[in-house]
Amino acid sequence: MPASASALPRDEQVIRAGMVGMGMIFDETYRPFFEGVDRRPLFDPCFGPCRVSLAAVATRTGRRAEAYRRQAPGSVGGFASFDGPAAVERLLQAGVDAVCIATPDDRHFAAARAVLAAGKHLLVEKPSVLRLAELDELDALARARGMLAKVVYHKLLDPDHKRLRTFCADDVLRHVNNGYASLLEPKSISGSQFAEWIVGRNPGTYVAVHYIKLIDFTFGLKLKRVSCTGQRGIVGPADGPTWDSTQLRLVYQHADGREAAFDVHTSWVTPDNFPGYVEQEVQFRFDNGVWNGHSRKRGVEMTVEGATPLKLKTTLNNHYNAPVLEPWGERSQRGYGLEVIERFMREVAAVEFGGPRDERPARLAAARELAYNDLAADRQVVAAVEAMEAILARHAAGQPECVVEVNAPEGGLVLRAPGRPEPEILYGPPV
Ligand SMILES: NC(=O)c1ccc[n+]([C@@H]2O[C@H](COP(=O)([O-])OP(=O)(O)OC[C@H]3O[C@@H](n4cnc5c(N)ncnc54)[C@H](O)[C@@H]3O)[C@@H](O)[C@H]2O)c1
């Protein structure tokens, strides 16, 4: 970022973005975001107009980058492309200001650390990282370098989830006691889309994390215990480390001492032709009410011969990411999947261009306070992910039914195995 950014003529305000990983999520959300902002720059009274350009990309082989360049509209295809083992380092030397990471989840940390160490703003896909020690390191680096470190949980911007949180904040729905969430992905995800990195992975870390965050952010409870089981045998061998489906249980505590429990079921081996393609459902039960949500069945159902349910979806989620012909004739793509990326860019623009340079620390501190996406506020979610991964690893090693206690006398994350008196301390400091 130029040293005197806020003194720049307003037509020169630009965020040069870097993109690490150009897979499915790039195509669904980042691509339409960059294409839209190329046509219409950001604007806010606090920072004025601000362009966002896709300046550089880093991928494993470079093939997807070149394929995209050929079809990218406007000036979007002008990015520098790096591939191979040093791709991220080279991207960081290419004059970028903010970097988005959308690599497989067990490859987030190394790239995120390099981004922050180079003094760039960071946006990383969910789950941010897989271990609390990694989160601590990234948070410390972000503070030391004076940069934003943010994570994408786009379901927090889903209008239904915003409404749920509003009812809770306004005390219309009072004191959640328990609930469930289920997110089922088709077999094509584990069988072909993610085949390159699937070994040793599980659908819980990949998608239960959406609901862990929703519960964590919406209800504001203290995490107490994590348990998890799962099934194997379709994606990999029945006794191997790769999971077809997982059932996670999270137990939290309210400030008044009462507990709340949530079951989160996930799979990535559902038949490819089941109507939803991705099936998402929640139920939360309160002292005075029940919330039932189905993120897919929001009222639209469509059949097109030869196209649904594979090429086109039968029950469409038009809130996430919908290509539309606007009433005023323009083609656009909109939804909360893109909005969450735009919000991050607006936060970067506000920090860098939203006032005098000497007030940047106050603007940075304000942006870091935003718990919906700041890495520092992702502790309980990463704790749940770390616990789930450790429990599944023990299960694969022949020891099922372990439980992780959070903030136990022995440490922050303590794994207890049935019949074993000695616990394993996964993370020492308080969560
Ligand atoms: N927000 C959401 O709902 C959502 C949805 C899908 C995926 N995601 C997240 O996005 C991330 C990527 O998922 P995806 O579905 O796009 O996966 P994908 O397998 O389709 O794409 C991964 C991309 O990362 C690249 N890559 C892999 N290793 C790399 C490395 N070391 N350096 C640079 N590039 C590398 C691959 O070449 C590929 O372009 C995951 O963290 C996933 O959890 C989020």
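This one's a predicted model, so the numbers in the text were calculated from it and none came from an experiment.

Draft legend 1. Here's a closer look at the overall build of the protein chain. Regarding its fold elements, the protein chain presents 11 helices and 18 strands. With the C-alpha coordinates of the protein chain rotated into their principal frame, the extents come out at 65 × 55 × 50 Å. The proportion of buried residues among the 431 residues of the protein chain is 43%.

Draft legend 2. Structural detail: the pairing of strand β4 (residues 80-83). Here four bridges tie strand β3 (residues 48-59) to β4, and the two strands are oriented parallel to one another. Following the sheet pairing, Val-57 is matched in β4 by Ser-81. For the crossover that starts at β3, traverses helix α2 (residues 63-71) and ends in the parallel β4, the hand is right-handed.

Draft legend 3. Structural context of the site of the ligand. The immediate surroundings of the ligand are formed by 24 residues, with Gly-21, Gly-23, Met-24, Ile-25 and Glu-125 found nearest. When contributions to the shell around the ligand are tallied by element, the ones reaching two or more residues are α1 (24-39) and β3. Looking at which element gives the most residues to the shell around the ligand, the answer is α1, with three residues. Residue composition of the shell around the ligand, by class: 12 nonpolar, six polar and six charged. For the shell around the ligand, the two domains that each supply at least three residues are domain 1 (5-154 + 329-368) and domain 2 (159-318).

Draft legend 4. Fine view of the nonpolar core. Core analysis: the largest hydrophobic core is formed by 115 residues, its most contacted members being Val-20, Leu-122, Ala-384, Ala-387 and Val-404. Residue-level mapping places this core at the junction of two domains, with at least three residues from each of domain 1 (5-154 + 329-368) and domain 2 (159-318). Sequence-distant contacts of Ala-384, defined by excluding residues within four places in its chain, comprise Ile-212, Leu-223, Val-226 and Leu-250. Grouped together as the second largest cluster of nonpolar side chains are five residues, Ile-189, Ile-198, Val-235 and Trp-268 included.

Draft legend 5. Expanded view of helix α9 (residues 336-353). Taking 1.5 Å per residue as the helical rise, α9 with its 18 residues ought to reach 26 Å, and the 25 Å between its terminal C-alpha atoms agrees with that figure. Of all the 18 residues making up α9, 14 are buried; the element is thus mostly covered by neighbouring parts of the structure. Backbone geometry just after α9 places Gly-355 at a positive phi near 160°.

Draft legend 6. The environment of His-175, seen in detail. Of note, His-175 is situated in the loop between α6 (159-169) and β8 (176-186). For the pair His-175 and Val-278, spaced 103 residues apart in sequence, the C-alpha to C-alpha distance is 30 Å. Not counting chain neighbours up to four residues away, the residues in contact with His-175 comprise His-254, Phe-286 and Asp-287.

Draft legend 7. Just the domain arrangement of the protein chain, in detail. Each assigned domain of the protein chain is listed here: domain 1 (5-154 + 329-368) and domain 2 (159-318). Taken over C-alpha atoms, the centre of domain 1 sits 27 Å from the centre of domain 2. Between domain 1 and domain 2, the residue contacts involve seven residues of the former and seven residues of the latter. Class assignment of the residues belonging to the side of domain 1 that touches domain 2 gives a composition of five nonpolar, no polar and two charged.

Draft legend 8. Expanded view of the sheet that holds strand β13 (residues 290-294). One open sheet holds the nine strands; their spatial order is β13-β12-β8-β11-β10-β9-β16-β17-β18, and the pairing between them is mixed. Across the chains shown, the open sheet's two edge strands, defined by having one partner strand only, are β13 and β18 (424-427). The sheet shows a mean angle of 15° between the axes of neighbouring strands, direction not considered. Of the strand pairs in this sheet, strand β9 (residues 222-231) and strand β16 (residues 403-408) are connected by three bridges, and their pairing is antiparallel. Across the sheet, Arg-225 pairs through a bridge with Glu-405, a residue of β16. Across the face of the sheet, helix α11 (residues 379-396) comes into contact with β9, β10 (245-253), β16, β17 (411-416) and β18 while running at roughly 35° to β9.

Draft legend 9. The arrangement of the environment of Glu-35 in detail. With respect to the element layout, Glu-35 can be found in helix α1. Along the primary structure Glu-35 and Pro-429 are separated by 394 residues, whereas in three dimensions their C-alpha atoms are 43 Å apart. With sequence-adjacent residues up to four places away left out, Glu-35 is seen in contact with Pro-73 and Val-76.

Draft legend 10. Highlighting the confidence of the model for the protein chain. Looking at the protein chain as a whole, the pLDDT averages 95, with 98% of positions reaching at least 70. In this model residues 1-5 is a low-confidence stretch, pLDDT under 50, and it forms seven contacts with partners more than four residues away in sequence or in other chains.

Draft legend 11. Geometry of helix α10 (residues 360-368). Every buried residue of α10 is listed here: Arg-363, Leu-364, Ala-367 and Arg-368. The arc that holds the buried residues of α10, viewed along the axis, is 140°, so those residues lie on one side. Residues Pro-361, Ala-362 and Ala-365 are exposed on α10 and point more than 90 degrees away from its buried face. Of the surrounding secondary structure, the elements contacted by the buried residues of α10 are α9.

The rules behind the values
Per chain, the residues get numbers from 1 upward, laid out in the order the sequence is written. Totals for whole chains, interfaces and linings use every residue, but because this is a predicted model, local features are given only for residues with pLDDT of at least 70 and side-chain atom pairs only at 80 or more, for both listing and counting. Only runs of H or I of at least four residues qualify as helices and only runs of E of at least two qualify as strands under DSSP, and these elements are numbered from the N terminus. Neighbour counting defines burial: a residue surrounded by 20 or more other C-beta atoms within 10 Å of its own C-beta is buried, one with 12 or fewer is exposed, and intermediate counts give partly exposed, using backbone-placed C-beta atoms. In this scheme, strands are said to pair when DSSP sees at least two bridges between them. By convention, a crossover is right-handed whenever its connection, traced from the first strand over the helix to the second and viewed with the strands pointing away, goes clockwise. Nearness is defined per residue: the C-beta atom, placed using the backbone, must lie within 6 Å of the molecule or strand. Polarity classes work like this: nonpolar for Ala, Val, Leu, Ile, Met, Phe, Trp, Tyr, Cys and Pro, charged for Asp, Glu, Lys and Arg, and polar for all others, with Gly in that last group. Domain limits in this description derive from either an automatic procedure or a database domain assignment. By convention in this section, buried Ala, Val, Leu, Ile, Met, Phe, Trp, Tyr and Cys residues joined through C-beta atoms within 7 Å make up a nonpolar core. What counts as a contact here is a pair of residues whose C-beta atoms, placed from the backbone, lie within 7 Å. Given the number of residues in a helix, its expected span is that number minus one, multiplied by 1.5 Å. Fitted lines through C-alpha atoms give the axes, limited to the stretch in contact for helices. The angle between two N-to-C directions lies from 0 to 180 degrees. Residue-level confidence of the predictor is summarised by pLDDT, bounded by 0 at the bottom and 100 at the top. Relevant arc is that of directions from the helix axis to the C-beta atoms, nothing else.

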